[in-house]
Amino acid sequence: MKKSIFLKTDEEVELIRQNCLLVSRTLELVAKLLKPGVTGSHIDSKAEEFIRTNNAIPGFKGYGGFPSTLCISVNDSVVHGIPSDIEFRDGDIVSVDCGVINHGFYGDAAYTFAIGEISENIMQLLVATRQSLYKGIESAIIGNRIGDIGYAVQKHTEKLYGYGVVRELVGHGLGRELHEAPEVPNYGRRGKGVLLKDGLVIAIEPMVNLGKKEVKQSKDGWTILTKDGTPSAHYEHTVVVRKEKADILSDHSFLEEAIKNNPELVEISLKK
Ligand code: MG
Ligand code: MG
């Protein structure tokens, strides 16, 4: 059976925005803590404490049995990495995905950070993937279709740079459930798929591999890895579809400011 699409009222959108802002503040905290020698489990426990202190509940912990507050996916891990006791190292790229629940709704956003010296080709992957998120968001307007979003992401990553756009994992509708209809693939055809209507809340989240698009699942049952071992980037915003311009409910500006003030992290400029 096809899952129903729930368009959100303005009041519901504001609740989701509050949650997305807490997610964004959590990612800011991550950007302050991230450096070589620190572990994912340490950052995860700090993130959980921060979310609970703000009277919300971690959205991923226990979701389908996932064990942690954050998904932390390093280098060739694409998404769904479990925070571990392995220390981060100079040259790592670290995707951090966070969700919270409050007032009966979710919030969701993600960012891939770069620690220390990053090679030029990996930096280009991060920049292009981050740019592609905004290309996708530009297409998330009333009257367009889901395929327009995927087309925009794919064009900017796969067609322009030859990167591999992951097919098995996609963005999603978001509301009372973390994953609602419709699915939001990062590939697609213009003018195809579900029509975008006012009040549709979706998480747009390009997952892009430096090498080929194929992925595999790790033995831990969660982590998704690139099949060819190349690094992968992941950026995510939750947005609400509006006329002419989507309203971005999450906010990367806090974490960007924290990156500027953290000498161990490298800025991922949108200008490249
Ligand atoms: Mg997410
Ligand atoms: Mg998501």
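Counting from 1, residues in each chain are numbered in the order their sequence is written. Ligands are numbered from 1 and chains lettered from A, in the order in which they are written. Reporting of local features is limited, given that this is a predicted model, to residues whose pLDDT is at least 70; pairs of side-chain atoms are given and counted only at 80 or more, and all residues count toward the totals for whole chains, interfaces and linings. To get the side-chain values, take all heavy atoms of the structure and skip hydrogens and water.

K.L.:
Quick question: what am I supposed to make of the environment of Val-215 here?
P.N.:
To qualify as a helix, a DSSP run of H or I must reach at least 4 residues; to qualify as a strand, a run of E must reach at least 2; elements of each kind are numbered from the N terminus. Position of Val-215 relative to the elements: it lies in strand β11 (residues 215–217). For Val-215 and Gly-164, which are 51 residues apart along the polypeptide, the C-alpha to C-alpha distance reads 9.9 Å. Among all residues touching Val-215, those that are not within four sequence positions of it are Val-78, Val-166, Glu-168, Asn-209, Ile-224, Leu-225, Thr-226 and Lys-227. Contact definition: two residues touch when any of their heavy atoms are within 4.5 Å.

K.L.:
Quick question: what am I supposed to make of the coordination of the magnesium ion (ligand 1) here?
P.N.:
Note on metal sites: the ideal angle is 109.5 degrees for four tetrahedral donors, and 90 or 180 degrees for six octahedral donors. The protein atoms donating to the magnesium ion (ligand 1) are Asp-97 (OD), Asp-97 (OD), Asp-108 (OD) and Glu-236 (OE), with metal-donor distances spanning 2.0 to 2.5 Å. Note on donors: an N, O or S atom is included if it sits within 2.8 Å of the metal, or within 3.2 Å for Na, K and Ca, and water is never included, so sites can look incomplete. Here the magnesium ion (ligand 1) and the magnesium ion (ligand 2) are spaced 3.0 Å apart, and both take Asp-108 as a donor. Note that Asp-97 is positioned in strand β4 (residues 93–102) and Asp-108 in strand β5 (residues 105–115), a separation of 11 residues in sequence. Comparing Asp-97 with Asp-108 shows no difference in burial state: the two are buried. A simple rule labels every residue: compare its accessible area, found with a 1.4 Å probe on the protein chains alone, to the largest value its type can have, and call it buried under 20%, exposed over 50%, or partly exposed in between.

K.L.:
Is there a simple way to explain the layout of surface pockets in this structure?
P.N.:
It is a probe the size of a water molecule, rolled over the atoms, that shows where empty space is left. Its volume calculated, the largest pocket comes out at about 400 Å³. Here the term cavity refers to a set of points on a 1 Å grid, laid over the protein atoms alone, in which a 1.4 Å probe fits but cannot get out; the term pocket refers to an open set having protein on both sides within 12 Å along at least five of seven lines, with lining residues being those that place an atom within 4 Å of a point. Every residue lining the largest pocket is counted, 22 residues in all, and those nearest its centre are Tyr-63, His-80, His-172, Leu-178 and His-179. Mapped onto the lining of the largest pocket, the elements with two or more residues apiece are β7 (171–173) and β8 (180–184). Per-element tally for the lining of the largest pocket: the top contributor is β8, with three residues. Gly is placed with the polar residues, together with every amino acid not listed as nonpolar (Ala, Val, Leu, Ile, Met, Phe, Trp, Tyr, Cys and Pro) or charged (Asp, Glu, Lys and Arg). Partitioned by chemical class, the residues of the lining of the largest pocket number 11 nonpolar, five polar and six charged. Grid points are joined across faces, edges and corners, and a volume is the space filled by probe spheres set on the points.

K.L.:
Honestly, the sheet that holds strand β3 (residues 77–79) in this entry has me stumped. Any pointers?
P.N.:
Sheet strands line up and pair through hydrogen bonds in the backbone, either parallel or antiparallel. For two strands to be treated as a pair, DSSP must find at least two bridges joining them. Overall, antiparallel pairing links the three strands, which are arranged β3-β12-β11 in an open sheet. The open sheet has two free edges, formed respectively by β3 and β11, since each of these has just one partner strand. Adjacent strand axes in the sheet meet at a mean angle of 40° when their direction is disregarded. Relative to strand β12 (residues 224–226), β3 runs antiparallel, the two being bridged by two bridges. Among the inter-strand pairings, Ser-77 is bridged to a residue of β12, identified as Leu-225. Note on geometry: axes are C-alpha line fits, over the in-contact stretch for helices, and angles between N-to-C directions span 0 to 180 degrees.

K.L.:
Help me understand the packing of aromatic side chains, please; the structure alone is not making it clear to me.
P.N.:
The pairing test for Phe, Tyr and Trp rings, Trp by its six-membered ring, is centres within 6.5 Å, and the orientation test on the planes gives stacked under 30 degrees, edge-to-face over 60, and tilted for anything in between. For the coordinates displayed, the defined rule picks out four aromatic pairs. Each ring, one from Phe-66 and one from Trp-222, has its centre 5.0 Å from the other, and the planes form 85°; the classification is edge-to-face. You can see Phe-66 sitting in the loop between β1 (57–58) and β2 (70–74) and its partner Trp-222 sitting in the loop between β11 and β12, a full 156 residues away along the chain. For Phe-66, a relative accessible area of 4% corresponds to the buried category. Accessibility expressed as a relative area gives 24% for Trp-222, which makes it partly exposed. Consider the rings of Tyr-111 and Tyr-235, whose centres lie 4.9 Å apart with planes at 90°: the pair is edge-to-face. With Tyr-111 in strand β5 and Tyr-235 in the loop between β13 (232–234) and β14 (237–240), this residue pair connects regions lying 124 residues apart in the sequence. Of the two residues, Tyr-111 and Tyr-235, neither departs from the other in class, the shared state being buried. Working rule: Lys NZ or Arg CZ, within 6 Å of ring centre, within 35 degrees of ring normal, means a charge sits over the ring. The lysine or arginine in question, Arg-25, covers the ring of Phe-254, its NZ or CZ lying 3.5 Å from the ring centre.

K.L.:
What am I meant to see in the environment of Glu-214 here?
P.N.:
Tracing the backbone through its elements, the reader meets Glu-214 in the loop between β10 (207–209) and β11. With a relative accessible area of 30%, Glu-214 lands in the partly exposed category. When the C-alpha atoms of Glu-214 and Lys-227 are compared, they prove to be 5.6 Å apart, with 13 residues separating the residues in sequence. Discounting chain neighbours no more than four positions away, the residues touching Glu-214 are Asn-209, Leu-225, Thr-226 and Lys-227.

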